[in-house]
Amino acid sequence: MTGAFVRLRRTLLLAAIAFLITVGALFHFYVYPRTTVLPLEQTRVQRLVSPSATYLDTATFRLHRNVPVQNTVAVYGDPQAGDDRTAVWVEFSSLDTRDGERVDYHERRTAFDRRTGLAVECCGEYVDDDPGVRQTGLAFRLPAGAEPRSYTMFDPVLRREAPMRFEREETVEGVPTYRYTYSAGPVKTADLPGPVPGTSVGMPGEERVAVARYTEITRTIWVEPESGLTVRTQERRRDTLRTPDQVERQVAFDADLVTSTVEVRAFADEASRFRRWILLTREWIPLACGLLAAVLAVVFRIATRPRRSAAAQHQQQVPGHDLANAG
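We now turn to the structure provided with this report.

Scoring rules and cut-offs
Residues numbered from 1 in each chain as written. Predicted model: local features only at pLDDT ≥ 70, side-chain atom pairs only at ≥ 80, totals over all residues. Heavy atoms only, no water. Disulfide = S-S within 2.5 Å. Buried < 20%, exposed > 50% of the residue type's maximum accessible area, 1.4 Å probe, protein only. Core = buried A, V, L, I, M, F, W, Y, C linked by side-chain atoms within 4.5 Å. Helix = DSSP H or I, 4+ residues; strand = E, 2+ residues; numbered from the N terminus. Salt bridge = Lys/Arg side-chain N within 4 Å of Asp/Glu carboxyl O. Polar contact = N/O pair within 3.5 Å; in protein donor to acceptor, adjacent residues only side chain to side chain. Contact = heavy atoms within 4.5 Å. Pairing = 2+ DSSP bridges. Phe/Tyr/Trp six-rings, centres within 6.5 Å; stacked < 30°, edge-to-face > 60°. Lys NZ or Arg CZ within 6 Å of the ring centre and 35° of its normal.

1. Thoughts on the state of the cysteines
As enumerated under the stated definition, the model contains one disulfide in all. Residue Cys-122 pairs covalently with Cys-123 via a disulfide, S to S 2.2 Å. The disulfide joining Cys-122 to Cys-123 has a torsion of about -85 degrees about its S-S bond and is therefore left-handed. For Cys-122, a relative accessible area of 46% translates into the label partly exposed.

So this is what it looks like as structure tokens:
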């Protein structure tokens, strides 16, 4: 083997080792962090359903029971309003009966830090056309790399943040998740426009009375921790009408809502794909590159080991008494 070929082989080995180390570091320190930031573009629709809800028609003040309802929550990104650090999403939430009668509606625009998911003030935020609502805590979801600890989550119905506690690990549709829960309320969420007949709220002795809506929510979410994606949501919501003396007069809405089975499977598949990609960029590719670089380093060490001359090898193979006789 010529000296030029040996030098070429050593150079190629060094270049391959450097390349593998660079690729591994690139995926771990560059590709992975950019994979886990929350996107500027977003289109996500979630449906929470209840087969048996109670709601009050505030136009007729007739109480309906055992009514199937669906809360459709659609989130869209506004990429033009965001940048490298901040994203802006708009959320529309419509609670309707199966027959298409609207029970409740909420809308908000929220800016948040793309790494932490925490709401920030910068870009024309509002909740139900009220720009004065200060949105704090997690805006829409947990960030990638969610931890088994407490967080605060902004609730657009209650217009405030709520402490969300970690409960336990659970598996949903084959995907490992963290289960978090928060409870908040009852909180005053709206004044009804004008006094209502006293008989409609159980006060026959009053011709008309002023009432306000109060809402209490308990929400549980199952989150795939690597991606931060919510796989399943369950919500217990109860709205009541109260008079100024803070006495509860009438139930306005009462239901247990949960993500539909079809969507749970779709969200689980999405989270599973995201999880595999995160593990691939953060661990598997860097590890594979590191192992292959280590193997090539051993090959390089063997290739650069000094070779003994043929005479020296022959001398090592001759017994010592033969060497003496040869002298």
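The discussion continues.
2. Remarks on the nonpolar core
Core analysis: the biggest nonpolar cluster contains 17 residues, and Leu-142, Tyr-151, Met-153, Met-164, Tyr-180 and Ile-221 have the highest contact counts within it. Mapped onto this core, the elements with two or more residues apiece are strand 7 (151-155), strand 8 (160-172), strand 9 (175-191) and strand 12 (212-224).

3. Comments concerning the pattern of salt bridges
Scanning the model with the defined rule gives 25 salt bridges in all. The salt bridge partner of Arg-237 is Asp-104, with a shortest N-O separation of 2.5 Å. With Arg-237 in strand 13 (residues 229-242) and Asp-104 in strand 4 (residues 102-113), this residue pair connects regions lying 133 residues apart in the sequence. Pair check on accessibility: Arg-237 and Asp-104 agree, each one buried. In this structure, Glu-167 and Arg-179 form a salt bridge, with 2.5 Å as the shortest nitrogen-oxygen distance. Of this pair, Glu-167 sits in strand 8 while Arg-179 sits in strand 9, and the two are twelve residues apart along the sequence. One salt-bridge network, held together by shared partners, links Arg-165, Glu-167, Arg-168, Glu-170 and Arg-179.

4. Considering the side chain of Ser-50
Here Ser-50 is to be found in strand 1 (residues 43-57). Using a relative accessible area of 4% as the deciding quantity, one classes Ser-50 as buried. Here Asp-256 takes part through its backbone oxygen, which lies 3.2 Å from a polar atom of the side chain of Ser-50. Those residues in contact with Ser-50 that lie beyond four places of it in its chain are Val-67, Pro-68, Val-69, Ala-255, Asp-256 and Leu-257.

5. What about the pairing of strand 4?
Pairing geometry for strand 3 (residues 86-97) and strand 4, over eleven bridges, is antiparallel. Counterpart to Thr-86 in the pairing with strand 4 is Asp-113. Turn length for the strand 3-strand 4 hairpin, with the two strands adjacent in sequence and antiparallel, is four residues, and the turn residue Gly-100 shows positive phi of about 90 degrees. One ladder, built from two bridges, connects strand 4 with strand 6 (residues 126-127); its direction is antiparallel.

6. Things to note about the packing of aromatic side chains
With the rule as written, the count across this model stands at eight aromatic pairs. Here Phe-112 and Phe-140 contribute two aromatic rings whose centre-to-centre distance is 5.7 Å and whose plane-to-plane angle is 65 degrees, an arrangement assigned as edge-to-face. Separated by 28 residues along the polypeptide, Phe-112 in strand 4 and Phe-140 in the loop between strand 6 and strand 7 bring together distant segments of the chain. A single burial state applies to Phe-112 and to Phe-140, both of which are buried. For the pair Tyr-151 and Tyr-180, a centre-to-centre distance of 5.9 Å together with 75 degrees between the ring planes defines the contact as edge-to-face. Of the two residues, Tyr-151 is situated in strand 7 and Tyr-180 in strand 9; the sequence distance between them amounts to 29 residues. In this structure, Tyr-151 and Tyr-180 share a single accessibility class: buried. Pairwise contacts between aromatic rings join Tyr-151, Phe-166, Tyr-178 and Tyr-180 into one cluster. Residue placement shows Arg-44 over the ring face of Phe-267; its charged tip is 4.2 Å from the ring centre.

Bear in mind that shape data such as this cannot, by itself, settle questions of function.
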